[in-house]
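Each chain, written out:
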Amino acid sequence: MRFHGKVHKFGNDVNTDYIISGKYKFKTLDMNELAKHVMEDLDPDFYSKVTPGDFIVAGSNFGCGSSREQAPLAIKYANISAVLAKSFARIFYRNAINTGLPVLECDTDLIDAGDVLDVDLANGFIINRTKDIRIAVKPLPQVMIKILNDGGLAPHFRKYGGFNFD
Amino acid sequence: MGKTIIEKILSSHSGQDCRANDIVVAQVDFVMGQDGTSPLAIRAFENMNGKELFDPDKVALVIDHSAPSPLEGVSALHKIMRQFAREKGCRLYDIGDGVCHQLIPESGQVGPGSLVIGADSHTCTYGALNAFSTGVGSTDLAGALISGKMWFKVPETVKFVCNGVLPAGVYAKDLILYLIGQVTADGCTYMAAEYTGEAISALSMEGRFTVANMAIEMGAKAGLMEADEKTFAWLRACTDREFTAVAADPDAAYHKVLQFDVSALEPQVAKPHRVDNVSPLSEVQGTTIHQAFIGTCTNGRLEDLRIAASILEGKKVHPDVRLIVAPASRKVYLDAMAEGVIQRLVAAGAAVVTPGCGPCVGTHNGVPSDGETVISTANRNFKGRMGNSNAEIYLASPATVAASALTGVITDPREFLK
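Cut-offs used in this document
- Residues numbered from 1 in each chain as written.
- Chains lettered and ligands numbered in written order.
- Predicted model: local features only at pLDDT ≥ 70, side-chain atom pairs only at ≥ 80, totals over all residues.
- UniProt positions renumbered as here; feature names shortened; annotations may be inferred.
- Helix = DSSP H or I, 4+ residues; strand = E, 2+ residues; numbered from the N terminus.
- Rg over C-alpha atoms; globule rule 2.2 N^0.38 Å.
- Buried ≥ 20, exposed ≤ 12 C-beta atoms within 10 Å, placed from the backbone.
- Contact = placed C-beta atoms within 7 Å.
- Axes fitted to C-alpha atoms, helices over the stretch in contact; angles between N-to-C directions.
- Parallel < 35°, antiparallel > 145°, perpendicular 65-115°, else oblique.
- Left-handed = near helix turned anticlockwise from the far one by under 90°.
- Pairing = 2+ DSSP bridges.
- Nonpolar A, V, L, I, M, F, W, Y, C, P; charged D, E, K, R; others polar.
- Core = buried A, V, L, I, M, F, W, Y, C linked by C-beta atoms within 7 Å.
- Domains from an automatic or database assignment.

- Named according to an unreviewed UniProt entry, chain B is 3-isopropylmalate dehydratase large subunit originating from Desulforamulus putei DSM 12395.
- Per its UniProt entry, chain B bears the Pathway (unreviewed entry) comment "Amino-acid biosynthesis; L-leucine biosynthesis; L-leucine from 3-methyl-2-oxobutanoate: step 2/4."
- Chain B has a UniProt comment under Sequence similarities (unreviewed entry) that states "Belongs to the aconitase/IPM isomerase family. LeuC type 2 subfamily."

- The name an unreviewed UniProt entry gives chain A is 3-isopropylmalate dehydratase small subunit, with Desulforamulus putei DSM 12395 as the organism.

### Structural notes on the overall build of chain B
Then step 1. A count of helices and strands for chain B gives 14 helices and 18 strands.
Then step 2. Relative to its length of 418 residues, chain B is compact, with a C-alpha radius of gyration of 20 Å against a globular reference of 22 Å.
Then step 3. Overall, chain B is about 60 × 50 × 40 Å in size when its C-alpha atoms are taken along their principal axes.
Then step 4. Here chain B, with 418 residues, has 63% of them falling under the buried criterion.
Then step 5. Put simply, 78% of the contacts in chain B that link residues at least 6 apart link residues at least 24 apart.

### A short note on the overall build of chain A
Then step 1. When helices and strands are counted, chain A shows 8 helices and 7 strands.
Then step 2. In summary, chain A has a C-alpha radius of gyration of 15 Å against a globular reference of 15 Å for 166 residues, a match within 12%.
Then step 3. Dimensions of chain A along its principal axes, counting C-alpha atoms only, are 45 × 40 × 25 Å.
Then step 4. Considering chain A as a whole, with its 166 residues, one finds that 48% of them fall into the buried category.
Then step 5. Contacts in chain A between residues far apart in sequence, at least 24 positions, make up 65% of those at least 6 positions apart.

### Structural notes on the packing of helix α2 (residues 38-47) of chain B against helix α5 (residues 138-147) of chain B
If you want to describe how two helices pack, look at the angle between their axes and the distance between the axes.
Residue and element names in this part refer to chain B.
Then step 1. Direction vectors running N to C along α2 and α5 enclose 55 degrees, while the axes themselves pass 8 Å from each other. Judged by the inter-axis angle, α2 sits oblique to α5. Crossing of α2 over α5 shows right-handed handedness. Listed contacts from α5 to Leu-40, Ala-41, Ala-44 and Phe-45 of α2 are Ser-138, Thr-139, Leu-141, Ala-142, Leu-145 and Ile-146.

### Things to note about the UniProt feature "domain: Aconitase A/isopropylmalate dehydratase small subunit swivel" (unreviewed entry) in chain A
Then step 1. Residues annotated by UniProt as "domain: Aconitase A/isopropylmalate dehydratase small subunit swivel" (unreviewed entry) correspond here to residues 42-104 of chain A.
Then step 2. Across residues 42-104 of chain A, helical content stands at 33% and strand content at 14%; the span's end C-alpha atoms are separated by 21 Å.

### Considering the UniProt feature "binding site: [4Fe-4S] cluster" (unreviewed entry) in chain B
Residue and element names in this part refer to chain B.
Then step 1. Cross-referencing UniProt, the feature "binding site: [4Fe-4S] cluster" (unreviewed entry) maps to Cys-297, Cys-357 and Cys-360 in the present numbering. For the residues just named, distributed over 64 residues, the greatest C-alpha separation is only 9.7 Å, placing them together at one site.
Then step 2. Locating Cys-297 in the fold gives a position in helix α10 (residues 296-299).
Then step 3. Setting aside residues no more than four positions away along its own chain, Cys-297 makes contact with Val-99, His-101, Gln-102, His-122, Thr-125, Asn-213 and Ala-328.
Then step 4. With respect to the secondary-structure elements, Cys-357 resides in the loop between β16 (351-352) and β17 (373-376).
Then step 5. The exposure class of Cys-357 is buried, given the 34 C-beta atoms found within 10 Å.
Then step 6. Not counting residues up to four positions away in its chain, the partners in contact with Cys-357 are Asp-64, His-65, Val-99 and Thr-296.

### A look at the interface of chain B and chain A
Interfaces are frequently sized by the accessible area removed from exposure as the parts join.
Then step 1. Of the residues lining the interface, 48 residues belong to chain B; the matching set on chain A comes to 38 residues.
Then step 2. Of all the secondary structure elements, the ones that give two or more residues to the side of chain B that touches chain A are β1 (23-27), α2, α3 (72-88), α5 and β7 (149-153) of chain B.
Then step 3. Counting residues per element, the side of chain B that touches chain A draws most heavily on α5(B), which supplies 6 residues.

### Observations regarding the sheet that holds strand β1 (residues 2-9) of chain A
Residue and element names in this part refer to chain A.
Then step 1. Across the sheet, which stays open at both edges, the 7 strands sit in the order β4-β3-β2-β1-β5-β6-β7 with mixed pairing between neighbours. Of all the strands in the sheet, the pair left with one neighbour each is β4 (103-105) and β7 (133-136). Averaged over all neighbouring strand pairs, the angle between strand axes comes to 30 degrees, with direction disregarded.
Then step 2. The pairing of β1 with strand β5 (residues 116-120) spans 5 bridges and is classified as antiparallel. Paired with Arg-2 across the two strands is Asp-120, which belongs to β5.

### Considerations on the packing of helix α6 (residues 172-183) of chain B against helix α8 (residues 205-213) of chain B
All names here are of chain B.
Then step 1. At a closest axis distance of 9 Å, the pairing of α6 and α8 adopts a crossing angle of 20 degrees. As far as their axial angle goes, α8 and α6 are roughly parallel. The interaxial crossing formed by α6 with α8 has right-handed handedness. When α6 is examined against α8, the residues Ala-172, Lys-173, Leu-175 and Ile-176 are found in contact with a partner set consisting of Gly-207, Thr-210 and Val-211.
Then step 2. The residue makeup of the contact of α6 with α8, split by class, is 4 nonpolar, 2 polar and 1 charged.

### Concerning the nonpolar core
Then step 1. Counting residues in hydrophobic clusters, the biggest one holds 191 residues, and the most contacted among them are A:Val83, B:Ala193 and B:Leu345.
Then step 2. Each of two domains, domain 1 (8-260) and domain 2 (275-416) of chain B, supplies a minimum of three residues to this core.
Then step 3. With residues near it in sequence (within four places) discarded, B:Leu345 still touches B:Leu305, B:Ala308, B:Ala309, B:Leu312, B:Val325, B:Ala350 and B:Val352.

### Points about the domain arrangement of chain B
Residues and elements named next belong to chain B.
Then step 1. Domain annotation of chain B identifies domain 1 (8-260) and domain 2 (275-416).
Then step 2. Each partner contributes to the interface: domain 1 provides 35 residues, whereas domain 2 provides 32 residues.
Then step 3. Ranked by residue count, the leading element in the side of domain 1 that touches domain 2 is α6, at 6 residues.
Then step 4. Class assignment for the residues of the side of domain 1 that touches domain 2 results in 14 nonpolar, 14 polar and 7 charged.

### Focus: the sheet that holds strand β9 (residues 192-196) of chain B
Residue and element names in this part refer to chain B.
Then step 1. Strand order across the open sheet formed by 4 strands is β10-β9-β8-β11, with parallel pairing between neighbours. Whereas interior strands pair on both sides, the edge strands pair on one side only; in this sheet they are β10 (222-225) and β11 (256-261). Between one strand axis and the next, the sheet turns by 20 degrees as a mean value, whatever way the strands run.
Then step 2. Of the strand pairs in this sheet, strand β8 (residues 157-163) and β9 are connected by 5 bridges, and their pairing is parallel.

### Some details on the environment of B:Ile342
Residues and elements named next belong to chain B.
Then step 1. Its location among the elements puts Ile-342 in helix α13 (residues 341-347).
Then step 2. Put simply, Ile-342 and Cys-360 are 18 residues apart on the chain and 20 Å apart in space, counted from C-alpha to C-alpha.
Then step 3. With residues near it in sequence (within four places) discarded, Ile-342 still touches Ala-336, Met-337 and Val-352.

Printed below as a string of structure tokens:
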């Protein structure tokens, strides 16, 4: 999987309330509706600024806070292709992999707002086209690669009837 | 080399002699979801071709976050949960029963050595009972509903040794806010916290739940404590089930061991808009507040309501302040009524709302207005958390919130405890 798009940059500790506020997430399971409010408290116009394929790039501890799976889903439905951060909060990280949103740990100090990136998921690297540099990505655990390759945890379960990491 | 508490619990539940950073598939003892996460989990369950629950007696769904429903959309999601519970035969806690993290421990389903997952980030609360419990998302929950298992990366552990004696007027909430301020919001990311030391032993079980509850606010996967006589006495009041304490080995390997002396600790607050933006209360003393909230899975227990009532008794809430109280469970509510605690709170001007999450998550029961300031006993003060991104939230102990509700400004509760 390869993605190409421009960067929307955020800081450290972006919590799941900022990704999708509790006042919306309890109302509906319609992710297209929730996607319109993604990142709203940090940037009220965020949704309208996204071109399909764009990236969210952040500092450390992205996705901290609640366990709401609506957070990675709302990002995915807002047509963001992947989230890049220095580190992720663990529940968000699992939720993203389980629902098929690519999340990559890398040195995001090498990336600025508006930069254009190529992200090569299969080979684990990023090319910052704007700065003409290659950025290494911390590899995912094998278990997560397996789940991602199956398309998420639900397809994994459909395929094997349970966990199968052998 | 010895093992930490979490290495032992994950070893016993995976059948593997596991250590930090191993990846294991482990059996879970109990699985819980709430109304913000269960509807998506039910959808994932169907999407996984799930037919039956792995064990209906080990599953509970709790309607607590937005209960009773304030909106049609929420009602539809609650209906999905009720139907699923009826069809699959699991327990459903409906509106008015209380907050999941009070109900599951009260039900006797979790104790020393248990492994529990819940689709709510504050599931780490049961670490106070010497259990490994952790928050997951809806899809992980669905996988566990079907298989009774989940995969885990065995976390490293940070040990918090809390020495000394908390001064009068300084509580478990002040202690955990202080610790979070020290290590910051990602101080324990991917790791477990073990809380130990004489200041932890001295806490009531209610206080221990408060401390374990906020482990997630430093990014921790779990907030574990040892089991002692208080733990077993608390459990005996809830269940006849037998549990065996799980202690860390003296030569267990820790990522870090942090030592604290709490003897000189002052009341603490978390300032807007971050839980780790912590300072002594004295720094913000006198800040005007418009709403005060006592409740949640952090501080809605009987001891919390008692402390608040003792400060509010015979007085009146400041005319420019709304005081909202949400007991953590029906049992807490009944016990607080039996003691006259609820009467004292209501007489002082409190509005008591349905046992549950109350206004914590911003869906109902007290959404602040633009430019207003709230002081709350909850665990999160993110911008917009209570439903309005133009409001500010301070987090503090029930004593501090009660004292501030009386004066209309952030107030040191020790003024009322003399």
